[in-house]
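Structural description and commentary
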Amino acid sequence: MSAQSSTGIQTLLEAEKEAQAIVAKARAYRTQKLKDARIEATKEIEAYKTAKEAEFKKFEGEHSSSNTKAEEEANISVQSELIAIKEAAVKAKDAVVAQLLEAVTTPKPTLHINSQ
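Residues numbered from 1 in each chain as written. Predicted model: local features only at pLDDT ≥ 70, side-chain atom pairs only at ≥ 80, totals over all residues. Heavy atoms only, no water.

1. Some points on the overall build of the chain
What the chain contains, in helices and strands, is one helix and zero strands. Rg of the C-alpha trace for the chain: 46 Å, well past the compact-globule value of 13 Å for 116 residues, more than 25% over. In terms of overall dimensions, the chain has a C-alpha envelope of 140 × 50 × 15 Å along the principal axes. Counting only residues that meet the buried cut, the chain has 0% of its 116 residues in that class. (Helix = DSSP H or I, 4+ residues; strand = E, 2+ residues; numbered from the N terminus. Rg over C-alpha atoms; globule rule 2.2 N^0.38 Å. Buried < 20%, exposed > 50% of the residue type's maximum accessible area, 1.4 Å probe, protein only.)

2. Some thoughts on the pattern of salt bridges
This structure, assessed with the given rule, holds one salt bridge. Measuring nitrogen to oxygen at the nearest pair gives 3.4 Å for the salt bridge that ties K52 to E55. One end of the pair is K52 and the other is E55, both in helix 1 (residues 2-105) and three residues apart, which spans about a single turn. Among the residues examined, E55 registers a relative accessible area of 48% and is labelled partly exposed. (Salt bridge = Lys/Arg side-chain N within 4 Å of Asp/Glu carboxyl O.)

3. Observations concerning a nonpolar patch on the surface
A cluster of nonpolar side chains, contributed by V78, L82 and I85, occupies part of the molecular surface with about 260 Å² of accessible area. Mapped onto the elements of the fold, V78 is located in helix 1. (Patch = residues over 30% accessible without salt bridge, like charges linked within 9 Å, V, L, I, M, F, W, Y side chains within 5 Å. Areas by Shrake-Rupley, 256 points an atom, 1.4 Å probe, with all protein chains shown as cover.)

4. Quick notes on the environment of T31
Here T31 lies in helix 1. Residue classification places T31 among the partly exposed residues on the basis of a relative accessible area of 38%. Expressed as a C-alpha distance, the spacing of T31 and V97, which sit 66 residues apart in the sequence, is 90 Å.

What follows is the structure in structure tokens.
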């Protein structure tokens, strides 16, 4: 009977080892699948990121030319306004200098606001 029970125990131990090997193989398979999925997700993210960056560059290229054009128009407008201001300053220079000299040289005696 002891030979028969040791054979049964031996069979159970072998079955347990076989089960452990199957579980270890399943864990390794699952781990590998997770790694593969993570790598695939990273690739998809990079591809999406690259596509969106290309789309943004295209959008930026299309709209930056309009910004440059608007900037040139603004510069032209500013230059024309500066020219107009300089011309007005040249025309009014003599009159302004005369008014300043008159205001400085002609005294107007008035009482100070606090002395009343």
